[in-house]
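Understanding the architecture of this molecule
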Amino acid sequence: MQKKGLERLSLMQLLTTVIKQRFRDSTHEYQSFKSDGGYFFVLRATPPGMEITISLENNEEQAVKKTIYILQQIQKYGVSNLEWEKIKKERLQSLDVVDTMKSNYWVNEIEKYYNYGEALPANKQIQIKQWLASSSLEQFNDMISEFLSKSPEDIGIIAPAGHKVLSYTEKEVRSWIKDAYQQQIAPYKLPEIPAKLMSAE
């Protein structure tokens with residue numbers, strides 16, 4: 001059970017990384033809003049859930065539809081081998097610098113265990129690294145396809161009193177989401193690196 005929990009945790013962390021990067025790459029052209037993704041993980045009772053935050057000042061409908069488009073793109077096409085190798089490498093490197101001898105590490109791990117039901121087996125970091133090293137792109141994309149196949153369940157709006165965004169009803173926002181799911185989705189293209197930033201080697 002703990003092994004499965006660690007695998008799901010690792011997959012969710014990698015998916016969060018992908019979503020955050022896609023949002024950064026795809027929404028930088030829009031000055032009016034920014035999307036971000038995070039996750040919460042509960043092992044004992046419920047499946048993992050994803051929280052998506054859209055920060056904006058106007059063009060609310062456009063922001064919601066663009067965000068849904070990006071999520072659909074990930075769900076339909078998954079990630080490329082280049083993206084996969086990059087996020088795996090970065091995650092493994094981040095695990096290499098974790099100091100399990102520090103008290104703060106154990107305080108955080110115990111807190112996550114009791115508050116969120118996150119697995120805490122012996123040699124947790126080693127187990128995660130071993131699993132990541134042997135995990136496959138196909139496995140990851142299968143998980144993405146299944147996890148992102150459902151439309152958003154809960155919607156919340158936070159704004160100052162009197163802001164126009166508070167006048168939108170849940171039905172209206174969900175109609176934007178429904179419309180967004182009718183969009184034609186094109187495969188994702190990795191951003192091109194400007195020639196001046198590329199190595200001369």
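The structure this text deals with has already been given above.
Our subject in this report is the structure included herewith.

One way to put it is that helix α3 (residues 81-96) packs onto helix α5 (residues 124-134) with a least axis distance of 10 Å and a crossing angle of 160°. Here α3 is positioned roughly antiparallel relative to α5, judged by the angle of their axes. For the pair α3 and α5, the crossing hand works out as left-handed. Contacts between α3 and α5 involve Lys88, Arg91, Leu92, Leu95 and Asp96 from the first element and Gln125, Ile128, Lys129, Leu132 and Ala133 from the second. Class assignment for the residues of the contact of α3 with α5 results in 5 nonpolar, 1 polar and 4 charged.

Here we take up a nonpolar patch on the surface. Taken together, the side chains of Trp106, Ile110, Tyr113 and Tyr114 define a hydrophobic patch exposed on the protein surface, amounting to about 430 Å² of accessible area. For Trp106, the location among the structural elements is in helix α4 (residues 103-116).

Tallying each qualifying case throughout the model produces 3 aromatic pairs. Taking 5.0 Å as the distance between ring centres and 85° as the angle between the ring planes, the aromatic pair formed by Tyr105 and Trp106 counts as edge-to-face. Take Tyr105: its relative accessible area is 11%, and that puts it in the buried class. Looking at Trp106, the relative accessible area reads 40%, which means it is partly exposed. Here Tyr168 and Trp176 contribute two aromatic rings whose centre-to-centre distance is 5.0 Å and whose plane-to-plane angle is 75°, an arrangement assigned as edge-to-face. If you follow Arg22 out to its NZ or CZ, it ends over the ring of Tyr188, 3.7 Å from the centre.

Its location among the elements puts Glu60 in helix α2 (residues 60-77). Classification of Glu60 as buried rests on a relative accessible area of 5%. With residues up to four places along the chain from it excluded, the contact list for Glu60 reads His163, Lys164, Val165, Tyr168 and Trp176.

This part covers the environment of Leu92. With respect to the element layout, Leu92 can be found in helix α3. In this structure Leu92 comes out as partly exposed when scored by relative accessible area, which is 22%. For the pair Leu92 and Gln130, spaced 38 residues apart in sequence, the C-alpha to C-alpha distance is 9.5 Å. Apart from the residues within four sequence positions on either side, Leu92 is in contact with Lys129 and Leu132.

Cut-offs applied
- Residues numbered from 1 in each chain as written.
- Predicted model: local features only at pLDDT ≥ 70, side-chain atom pairs only at ≥ 80, totals over all residues.
- Heavy atoms only, no water.
- Axes fitted to C-alpha atoms, helices over the stretch in contact; angles between N-to-C directions.
- Helix = DSSP H or I, 4+ residues; strand = E, 2+ residues; numbered from the N terminus.
- Parallel < 35°, antiparallel > 145°, perpendicular 65-115°, else oblique.
- Left-handed = near helix turned anticlockwise from the far one by under 90°.
- Contact = heavy atoms within 4.5 Å.
- Nonpolar A, V, L, I, M, F, W, Y, C, P; charged D, E, K, R; others polar.
- Patch = residues over 30% accessible without salt bridge, like charges linked within 9 Å, V, L, I, M, F, W, Y side chains within 5 Å.
- Areas by Shrake-Rupley, 256 points an atom, 1.4 Å probe, with all protein chains shown as cover.
- Salt bridge = Lys/Arg side-chain N within 4 Å of Asp/Glu carboxyl O.
- Phe/Tyr/Trp six-rings, centres within 6.5 Å; stacked < 30°, edge-to-face > 60°.
- Buried < 20%, exposed > 50% of the residue type's maximum accessible area, 1.4 Å probe, protein only.
- Lys NZ or Arg CZ within 6 Å of the ring centre and 35° of its normal.

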